[in-house]
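Overview (structure and organization)
The residues making up each chain are set out below.
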Amino acid sequence: MSIQGPDTPDLQPLRQMLAAWEDLEPRKLIAVLQKTQGLYGYLPVAALDFIAEHMRIPEARVYGVTTFYSQFRLTPQGDHVIQVCDGTACNVKGSGHFVDELVSLLGIRPGETTPDGKITFQTVACVGACGVAPAVVVDGEVHGRMTSAALRKTVNALLEAPPRSGSRKVALPVVGAPARKARTFLDRCCGKCKTSPDNPCPDFLRCRLEGESCHDDPACEAYREELRKLVRHTSEAFEAHVFLCKGLTCDASGEAGIRKAFENELARHGILDKVEFIETGCMGLCEVGPIVQISPHEAFYCRVRAEDVPEIVERHILKHEVVERLLYDRDCRTEADIPFYKAQVRRVLSNTGKIDPENIDEYIARGGYRALYDAIRGGSPEKVVETILASGLRGRGGGGFPTGRKWAIARSQPDPERYLVCNADEGDPGAFMDRSVLEGDPHRVIEGILLGAYAIGARKAFIYCRAEYPLAIRRLEVACEQARAYGLLGKNLLGAGFDIDLEVVQGAGAFVCGEETALIASIEGKRGMAQNKPPFPAEHGFRGHPTCVNNVETFANVPLIIANGADWFRSVGTHNSPGTKIFSLSGKVRLTGLVEVPMGTTMRQVLEEIGGGAPEASAIKAAQTGGPSGGCIPEHLMNVAIDYDSLKALGGMMGSGGLVVTDRDTCMVAFARFFLSFTQHESCGKCIPCREGTKRMLEILDRIVAGEGKMSDLDELRNLAAVIRRTSACGLGQSAPNPVLSTLQYFEHEYLAHIRDLRCTAGVCKSLLRYHILDFCRGCTACARKCPVQCISGERGQVFVIDQPRCTKCGECYRVCPFNAVAKV
Amino acid sequence: MTDIALSINGIPVEVPPGSTLLDAAHAIGVRIPTLCHDPQLTISGACRMCVVEVANPDGSTRLEPACSYPARDGMSVRTNTAEVRNARRTIIELILANHPRACQTCVRNGRCQLQSLCREYSIDEIRYEGEKRCFEVDTSTVALTRHPDYCILCGKCVKVCREVQGVHALDYVNRGFNTITMPAFDRDLAHTVCVLCGQCLLKCPVAAIRDRSYVDEVEEALDDPQRICIVQIAPSIRASVGELFGLPPGTLLTNKIPTALRRLGFRHVFDTDFGADMAVMEEGHELVERIRNAGPFPLITSCSPGWVKYMEHFFPDFIPMMSSTKSPQQIVGALTKTFFAQRMGIDPARIYLVSIMPCSAKKYESQRPETRMDGGLHEVDVVLTTREFGDLLRLHEIDLPSLPDGDFDPILGESTGAGLMFGVTGGMMEASLRTVATVLDPKGEPPLEFPLLRGTSGIKRGSVIVGDHEVHLCAVHGLGNARKILESIRSGKENIHFLEVMACPGGCVGGGGQPLPTTDEIRKRRIEAMYFEDRGKPIRQAHRSPAVRQIYRDFLGEPLSHKAHELLHTTYTPRTPRGF
């Protein structure tokens, strides 16, 4: 009965890797397992045994950790891996069909590998490509706006490809090494400059930007001025600056080939060296990606394809004309003209999509690290805490606990060994705010962390980032490396005598690790199981020492508050929820993307003014906030002001900022079931109400959507929900029933329709659904050609018929019929 | 620090700082149900049975687990509101929904905490039916069986194994609904570092970990006229077996036991205490030799089979320091099938020797290849735990407390207070010192009691002057404590001459085979009873025992003689998997 790997692996590479690992301590177990999986493509038991022995960790613990995190596999994967994103936005946009389709195409269940070892098919927690939902990841590459037909094509191509020889490793998205700029702020202007890579001048931040140098030399100032222009992309050395959005969503929509097309085209014209490319983080308006912005003219080009590039080069770069057909619309030439951006207040996102996130100079040139410099050189930790307290900043991870208060508690602890953790385990399906900030402006987050560490007196900080965000992890690592080189991180920070070390820790696929105690357990190399609170981590956290855990967006706000003051921060937002909040807007709305608005903005404003309302011919049914912990705000309550307290009063939750819009095609029962199935799957398994209770709730919902519900089911759901909410050990369990309770509150009629009338009004629940071809079918054969299981037949020109027993209810026929002759009944 | 004042159910209560709501409730006689809580272990908070209602400043309430929530000044707590009762009832139903619910055929029937809670909360229906966990039963070891389907995931087995024993053979595996506690890589328990101490079984509130029962085998042997059934019983059982018959812990039934065993059909009733007296002689002389030869130190005791297995997995570098003397059980076994068989003129192959032990690891010890005799016989044929002994008695309609008194056999059945002391932590060492002191200083008046070795502190240290020698002593119980000492010996921080290790907290009185429940309080009561019994013994030193003298005179020669080595000493071997 014990698990044995299919082959005996060569342990030599593992032995070498571990022998070379300098700071190997039991806490690094998860990282070791990740690297080992990188070596073998999976975790052979012999390798785990070896790791246990080498690290002197009980093998039961190694196994416990391995089986806790969904990233780890004990069996090899196929040559190719297809992952269907199971995030909210993808689900709302029909990714469930992909699973059915792959099951029938490949003959395997999710998580299995085809017998020939060719394809492994999995469902995967939200990959954060919500803007281009539904998304499917093939061998690590995200494909957005997937359709059944495209999926079939992809799968067939993989099946027909010759088997891969050799390594069965799955390639992670490859990120290029940070582009080395010829000149950086760290370079010396002349021999008098005291800075050196080993010993950066503590005042160089001021010197480089403001010119207040230790020596007065016009030549040096000219040098610095030219450098600033270069970094700010205003240098006359280039004729044009091309900003390419490298956000995941644009990338998944085809951005990848665009730069190459530009380079080819520019080279053809012989002006390649006259144009500067800036690859930025997410520009925000994911719906119209891939986005390219070009100055002069600051033109904002939407849905750019490689084919469009020659025209852009010809007209825009050579002739300085704007290519109007690629603009957002006729009236919107620049980003600022577009209503989507006009209605926003982009503070935290002010750099995201504007700078090259892998170049620290660009962040510095826009005022970055100045808050840290001022705080450390001229302020005090107490002052930082006071300012944050006065700002009223509340935790952006969803809980809304005042950040200043948390820091003050940690600071007041007698134990001088304190830790700071940045929670970048953005696991909510339908949320990609943190990822966008981390990928687009990592230094801002790092500066916030450093300020926090300084404020609470921590000498060690961690960024815990989920493994599903390899690019964010890579960017953070690059950013840390750069900050270290600039003397902004490490020993004797800015020459002020503080040591702050920052370590990027990679999660391994567990939503519960977004809960702070589970997160700390995970950093300690353990199973991410929640601990009892109190004691709170600020008193008793990492290794028993005071530990502050704050979210990415919280930290990203900190440098702004320290630089501009608490009053500036409070100048937008509401009294109890000051400042702005970032949302990732997705689902059934015209414009999906990354949105930053002042707290107190109404839901309606966000959905209509920014999101452009429902897509054609539909109507918004509800907005779901807070992901699996949150609830639905129905259409008639859309005037609610978005802040922590009003959302809570409506049974919703601010959450981390996922905002998924549903319309008439969304079954709210199935929607609640989707979230519950997510939390049920992600429950750590420790406490009974969450582990067992969510399972039973899910079973009841399964029965209801299958048309087997009873009226008493609703009472049982409510009782279980109440008990789970009140008795679960951690936030995951306590909030797990929210989606069910809030849909029961606002959409009870849909539950009743399922139970009493055996009807799913949205036409989603397959057991209650039948597709039927109506008499006015023209026999155009469109449906028959699309049907993945060939269950539609008929004579051309005659009424077609669906063979009901064979129908998988994928809905393709319904969608393709040009005459609306396919009905859902 | 001043006490914390709060109110529970309207009753004011003051508790010292650091107390939990559970402690506070306990102080005023409010008994809150728990499943995962255990004072010996770190706080878990997994079962949520102990939730109580705590008032918020704004008048609302919240539910908090009493086991982990700290008592704070001015708190107002209600432990039994309608919501609390409903929550607990729902939790019980949720457990039951994922449980075999086979009470009638379950070994824990009547001794199951889940069953008791069902009764207390009048569970008469289970509203939530659905999928159940399904895992294979693990019957790989000779002592314990695992039944994951019964597990309620209180986690106490994992914790006692990790926190108290430092073995870490089990851990949580998988996540969410699929979570289970199991050994690494779903291996059979027999192929892990598990030392079969059985502490997990003592902690299990249900029947997820069970004795591998040998009651049927013993019954069969007792019914077989070809076999000569002989029994031995370990010292600590006389202070614990009464609990199985409703007597308070620490009730001594020394004289009832031989009567019961004879009524069961055993032809000879031996006392493992005698084997312990013999072990004192052998091991005591090993100590004398090492003192005279100046090492190697420390001499480490070897009578606890869980400890021996632990040492072989985790600290095999200590094998040279181990005493080679067999455990009292195996000594009685070896002597039964040699000395006794010869004296009685019976074929040792016909002898069926049953041991009744407070210990699950003794089952394993009796099967170790090192304990095989020439010709392949096992020294001990089968081992029953105290609990199985109770089962056997009940099956045979024997009401132990009301039996007339009886005596152990004169041969291999007579013992001293020294042998008895093996049943408690520090006792083996105390018994040895009673003899060693006399050997090294024949003219002295050595003490019979060594208070520094008594008490329930996990690590007991001290030194005694024996003759011209100052002997540094250390007695530890619980393998986690053993680890601490061994690591500090390894690093050269500790200078110990004589080290006693008992795998189980409290020693054998807290053994994995003892009656349920076995708590700190119950262990203490059993220990007190053992000390009491020792004080009442006419002879309290092994070397003064006439039976011991006789067997050396007639059969073995002298301690550590060639024959004694052949029969009463054993060897150890490093084991895989290595433990960390």
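Residues numbered from 1 in each chain as written. Chains lettered and ligands numbered in written order. Predicted model: local features only at pLDDT ≥ 70, side-chain atom pairs only at ≥ 80, totals over all residues. Heavy atoms only, no water.

**Quick word on the interface of chain A and chain B**
If you look at the interface, chain A gives 52 residues, while chain B gives 56 residues. Between chain A and chain B the total buried area reaches about 4600 Å² when both faces are included, carbon and sulfur atoms providing 56% of it. On inspection of chain A and its partner chain B, the count reaches 24 residue pairs in polar contact (both at pLDDT 80 or more). Elements represented by at least two residues in the side of chain A that touches chain B include exactly α3 (45-55), α4 (59-68), α25 (668-682), α26 (688-705) and α27 (711-727) of chain A. Sorting elements by how many residues they give to the side of chain A that touches chain B places α26 of chain A first, with nine residues. (Contact = heavy atoms within 4.5 Å. Buried area = accessible area lost by both parts, 1.4 Å probe. Polar contact = N/O pair within 3.5 Å; in protein donor to acceptor, adjacent residues only side chain to side chain. Helix = DSSP H or I, 4+ residues; strand = E, 2+ residues; numbered from the N terminus.)

**Side note on a negative patch on the surface**
A grouping of Asp216, Glu217, Glu220 and Asp223 of chain B is seen on the molecular surface, where their side chains present a negatively charged patch. Inspection of the secondary structure assignment puts Asp223 of chain B in helix α6 (residues 215-223). (Patch = residues over 30% accessible without salt bridge, like charges linked within 9 Å, V, L, I, M, F, W, Y side chains within 5 Å. Areas by Shrake-Rupley, 256 points an atom, 1.4 Å probe, with all protein chains shown as cover. Salt bridge = Lys/Arg side-chain N within 4 Å of Asp/Glu carboxyl O. Lys, Arg positive; Asp, Glu negative; His and termini not counted. Charge placed at Lys NZ, Arg CZ, Asp CG, Glu CD.)

**Details of the packing of aromatic side chains**
Throughout the structure, instances matching the rule amount to 23 aromatic pairs over all chains. Centroid distance Tyr419 of chain A to Phe542 of chain A: 4.7 Å. Interplanar angle 70 degrees. Geometry classified as edge-to-face. Remark: Phe542 of chain A occurs in the loop between α20 (516-523) and β14 (547-551) and Tyr419 of chain A occurs in strand β10 (residues 418-424); sequence separation between them is 123 residues. In this structure, Tyr419 of chain A and Phe542 of chain A share a single accessibility class: buried. Aromatic ring contacts, followed pair by pair, group Trp307, Tyr310, Phe314, Phe315 and Phe318 of chain B into a single cluster. Positioned above the aromatic ring of Tyr469 of chain A is the side chain of Arg435 of chain A, whose terminal nitrogen or guanidinium carbon lies 5.8 Å from the ring centre. Residue placement shows Arg394 of chain B over the ring face of Phe245 of chain B; its charged tip is 5.2 Å from the ring centre. (Phe/Tyr/Trp six-rings, centres within 6.5 Å; stacked < 30°, edge-to-face > 60°. Buried < 20%, exposed > 50% of the residue type's maximum accessible area, 1.4 Å probe, protein only. Lys NZ or Arg CZ within 6 Å of the ring centre and 35° of its normal.)

**Quick look at the side chain of Gln413 of chain A**
Residues and elements named next belong to chain A. One can find Gln413 in the loop between α16 (403-411) and β10. With a relative accessible area of 16%, Gln413 lands in the buried category. With sequence-adjacent residues up to four places away left out, Gln413 is seen in contact with Arg418, Ala538, Glu539 and Pro546.

**Here we look at the pairing of strand β8 (residues 180-183) of chain B**
Residues and elements named next belong to chain B. Residues Ile180 and Met182 point to one face of β8 and Thr181 and Pro183 to the other, with burial holding for every one of them. For strand β7 (residues 170-173) and β8, the ladder comprises four bridges, and the chain directions are antiparallel. Within β8, the position partnered with Tyr172 by the bridge is Thr181. Where β7 hands over to β8, the hairpin turn is made up of six residues, of which Asn174 adopts a positive phi near 65 degrees. (Pairing = 2+ DSSP bridges.)

**So, the domain arrangement of chain A**
The parts lose accessible area when they come together, and the size of an interface is often stated as this lost area. Along its sequence, chain A is carved into domain 1 (12-68), domain 2 (80-160), domain 3 (240-338), domain 4 (360-570) and domain 5 (770-824). Once you take the C-alpha centre of each, domain 1 of chain A and domain 5 of chain A turn out to be 53 Å apart. (Domains from an automatic or database assignment.)

**A short note on the packing of helix α18 (residues 442-456) of chain A against helix α19 (residues 470-485) of chain A**
Residues and elements named next belong to chain A. Taken N-terminus to C-terminus, the directions of α18 and α19 make an angle of 60 degrees; their axes are 9 Å apart at the nearest point. In terms of their interaxial angle, α18 and α19 are classed as oblique. Where α18 crosses over α19, the handedness of that crossing is right-handed. Within the contact between the two elements, α18 uses Pro442, His443 and Ile446 and α19 uses Arg475, Leu476, Ala479, Cys480, Gln482 and Ala483. Looking at the contact of α18 with α19 residue by residue, the classes come out as six nonpolar, two polar and one charged. (Axes fitted to C-alpha atoms, helices over the stretch in contact; angles between N-to-C directions. Parallel < 35°, antiparallel > 145°, perpendicular 65-115°, else oblique. Left-handed = near helix turned anticlockwise from the far one by under 90°. Nonpolar A, V, L, I, M, F, W, Y, C, P; charged D, E, K, R; others polar.)

**Topic: the nonpolar core**
Ranked by internal contacts, the top residues of the largest apolar core, which has 125 residues, are Leu261, Met278, Trp307, Leu335, Leu499 and Ile551 of chain B. Residues within four places of Trp307 of chain B in sequence aside, it is in contact with Ile300, Thr301, Met322, Leu479, Ala482, Leu486, Val501 and Ala503 of chain B. Residues Leu14 and Val65 of chain A together with Cys154 and Ala208 of chain B belong to the second largest nonpolar core, which totals 118 residues. (Core = buried A, V, L, I, M, F, W, Y, C linked by side-chain atoms within 4.5 Å.)

**Thoughts on helix α10 (residues 248-268) of chain A**
Residues and elements named next belong to chain A. In this model, α10 (21 residues) spans 29 Å end to end at C-alpha, consistent with the 30 Å of a helix rising 1.5 Å per residue. The principal kink in α10, of about 80 degrees, is found at Gly254. Every buried residue of α10 is listed here: Leu248, Thr249, Cys250, Ala252, Glu255, Ile258, Ala261, Phe262, Glu265 and Leu266. Residues of α10 that are buried make contact with β5 (141-143), β6 (240-245), β7 (275-280), β8 (292-295), α11 (309-318) and α17 (433-440). (Expected span 1.5 Å × (residues − 1). Bend = angle between axes of the 7 residues up to and from the residue.)

**A short note on the pattern of salt bridges**
Residues and elements named next belong to chain A. Summed over the entire model, instances satisfying the criterion amount to 94 salt bridges over all chains. The partner of Arg259 in a salt bridge is Glu263, and the shortest N-O contact between them spans 2.9 Å. With Arg259 and Glu263 both in helix α10 and four residues apart, the pair spans about one turn of that helix. Take Glu263: its relative accessible area is 22%, and that puts it in the partly exposed class. Glu608 is the partner of Arg604 in a salt bridge, and the nearest nitrogen-oxygen pair spans 3.6 Å. Residue Arg604 and its partner Glu608 are located together in helix α23 (residues 603-610), separated by four residues, close to a single helical turn. A relative accessible area of 41% places Glu608 in the partly exposed class. Shared partners join several salt bridges into a network, and the residues in it are Glu25, Arg27, Lys460, Arg484, Asp501, Glu503 and Arg543.

**Focus: the pairing of β8 of chain A**
Residue and element names in this part refer to chain A. The alternating pattern of β8 places Val292 and Ile294 and Gln293 and Ser295 on opposite faces, both of which are buried. Note: β6 against β8, four bridges, orientation antiparallel. Bridging from a neighbouring strand, Phe243 pairs with Gln293 of β8. Note that β8 and strand β9 (residues 299-301) share three bridges and pair antiparallel. The residue of β9 that forms the bridge with Gln293 is Phe300. The loop that links β8 with its antiparallel partner β9 comprises three residues; one of these, His297, has a positive phi angle of about 85 degrees.

**Section: the packing of α27 of chain A against helix α2 (residues 82-97) of chain B**
Between α27 of chain A and α2 of chain B, whose axes approach to 10 Å, the crossing angle comes to 105 degrees. In this view, α27 of chain A runs roughly perpendicular relative to α2 of chain B, as classed from their interaxial angle. On α2 of chain B, the residues touching Asn719, Leu720, Val723, Arg726 and Thr727 of chain A of α27 of chain A are Glu83, Asn86, Ala87, Thr90, Ile91 and Leu94 of chain B. Here the contact of α27 of chain A with α2 of chain B is built from residues that sort into five nonpolar, four polar and two charged.

**Section: the domain arrangement of chain B**
If you check the domain split of chain B, you get domain 1 (4-80), domain 2 (96-211) and domain 3 (216-568). A separation of 43 Å is found between the C-alpha centroids of domain 1 of chain B and domain 3 of chain B.

**A short note on the environment of Lys337 of chain B**
All names here are of chain B. For Lys337, the position within the fold is in helix α10 (residues 328-344). Along the backbone, Lys337 and Pro348 are 11 residues apart, and their C-alpha atoms lie at a distance of 5.0 Å. In this view, Lys337 contacts Pro348, Ile351, Leu353, Met373, Leu377, His378, Glu379 and Asp381; residues no more than four positions away in its chain are not counted.

**Some points on the environment of Val195 of chain B**
All names here are of chain B. Mapped onto the secondary structure, Val195 falls in the loop between β8 and α5 (199-203). Taking C-alpha positions, Val195 is 45 Å from Asn9, a pair spaced 186 residues apart along the chain. Apart from residues no more than four positions distant in its own chain, Val195 is found in contact with Val167, Gly306, Lys309, Tyr310, Ala361 and Leu479.

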